[in-house]
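The chain contents come next:
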Number of protein chains: 2
Amino acid sequence: MLDLNNVFLPKSLSVSEYSSILLENAVNELSRLPGIGKKTALRLALHLLREDATRADALAHSLTQMRSRILLCERCHNISDTPVCAICSNPRRDENSLCVVADLRDVLAIERTATFNGLYHVLGGVISPVEGISPTDLHIDSLIRRTHEEHFNEIILALPATIEGDTTNYYIFKQLHDFKGKVTTISKGIAIGDALEYADEVTLSRSILNRTAFQL
Amino acid sequence: MLDLNNVFLPKSLSVSEYSSILLENAVNELSRLPGIGKKTALRLALHLLREDATRADALAHSLTQMRSRILLCERCHNISDTPVCAICSNPRRDENSLCVVADLRDVLAIERTATFNGLYHVLGGVISPVEGISPTDLHIDSLIRRTHEEHFNEIILALPATIEGDTTNYYIFKQLHDFKGKVTTISKGIAIGDALEYADEVTLSRSILNRTAFQL
């Protein structure tokens, strides 16, 4: 039987909750990542301990290399390994159309669809008074400059379908007053494969108002 | 309008799906971790890119340090920063009782309860013919040796409540035939806070068979 008067409180004396300061450091660093708690961090650290040492080194190396060497493209502000990114410097891309997106993840998402062959401009966010993001915090000035220096026929605004996205669309549209080409936005409506009854009312009403001619 | 004959397939020409080989490497390495897919890996990598560079370096450093410098305690096989771990070398621990666990995470779990002040022995798994884990793959020999060299009054078998755990309990118990002290196992039954109706039948029947005298 355990003598409860003699119960030992390990935290007071032991070197580390994890028996190892090295493990504890790794768990603490991993758990700073978004969506990773202490339990998951411990699972990941123990996984790296069980695996071959080269795996942990490869992970660590890839992270420091990425963080120290990655650049933002000086034309479109997409991430890049070179001063001008692979899309901007690709002669097979259509230089007449420009797609404006909020985030670099949006570039990846659109590239995966393989339906756009033009150039991009990454704003780095959308105007949001609540979060304190004003137009000067975004790459809007360089967008306007590009519309003067390059020759676009069309500017596609592919911003999030939110109030902030709409505000940013409106702001950019006003700044583009002397742009001669078309300014378009991506269509909003029912997602492909979705039933109408599950769509929210705003989306459904918008998809009715913005109905298009039926084509066979 | 997009000319569908002219649609560009980005994968064929672009340097990397992620616009950056550096980002792609980091995403690939992160997504090798258990439970982390490509999408989560991308989210983590972009988080590290947004944060201060020292954060990614600290994470990378902690992982390489942990992987290259961490040891297993030569007595109990728990992870340790020193040849003999902080628990084994702590003079305030009770050297008369030994708790046998399958995994080093079990040490952490038992330490957190602060109800055990003895020493540990980490087997490194349980006997599992299905997964090809035989007694020689586990630290059972060194456990038997410890019971001869050290002076334990009690050996607590705290292995998982599974068939493999029971098999291992039985195997160890047979090997301990000349051990003079008590051999105990942790109790199995209804989890504290659980309603009986949600307990599975095996657990419930076992908790009835193993009932204990009611104490005020």
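Residues numbered from 1 in each chain as written. Chains lettered and ligands numbered in written order. Predicted model: local features only at pLDDT ≥ 70, side-chain atom pairs only at ≥ 80, totals over all residues.

## Some details on the domain arrangement of chain A
Domain assignment breaks chain A into domain 1 (15-54) and domain 2 (79-187). Its C-alpha centre places domain 1 of chain A at a distance of 39 Å from the equivalent point of domain 2 of chain A. (Domains from an automatic or database assignment.)

## Focus: the interface of chain A and chain B
With 61 residues of chain A at the interface, the matching set in chain B holds 61 residues. Where the side of chain A that touches chain B is concerned, the elements lending two or more residues are helix 1 (10-13), helix 2 (21-30), helix 3 (38-50), helix 4 (53-69), strand 2 (79-80) and helix 5 (104-113) of chain A. It is helix 4 of chain A that provides the largest number of residues to the side of chain A that touches chain B, a total of 15 residues. In terms of residue class, the side of chain A that touches chain B is made up of 35 nonpolar, 15 polar and 11 charged. (Contact = placed C-beta atoms within 7 Å. Helix = DSSP H or I, 4+ residues; strand = E, 2+ residues; numbered from the N terminus. Nonpolar A, V, L, I, M, F, W, Y, C, P; charged D, E, K, R; others polar.)

## Some words on the confidence of the model for chain A
Residues and elements named next belong to chain A. A residue-level look at chain A finds 92% of positions with pLDDT of 70 or above and a mean pLDDT of 87. The element-level mean pLDDT for chain A is lowest in helix 1, coming to 42, with strand 4 (residues 119-122) highest at 96. Of the regions scoring below 50 in pLDDT, residues 1-14 engages in 17 contacts with residues more than four places distant in sequence or in other chains. (pLDDT = per-residue confidence, 0-100.)

## Thoughts on the relation of the copies chain A and chain B
Relative to chain B, chain A is turned by 180 degrees and slid 0.0 Å along the rotation axis, the superposed coordinates differing by an RMSD of 0.1 Å. Each copy turns onto its partner about a two-fold axis. When each C-alpha of chain A is compared by its distance to the rotation axis, Ala 60 of chain A comes out closest, at 2.0 Å. Both copies share a contact surface, since 100% of the interface residues of chain A are interface residues in chain B too. (Least-squares fit on C-alpha atoms with pLDDT ≥ 70 in both.)

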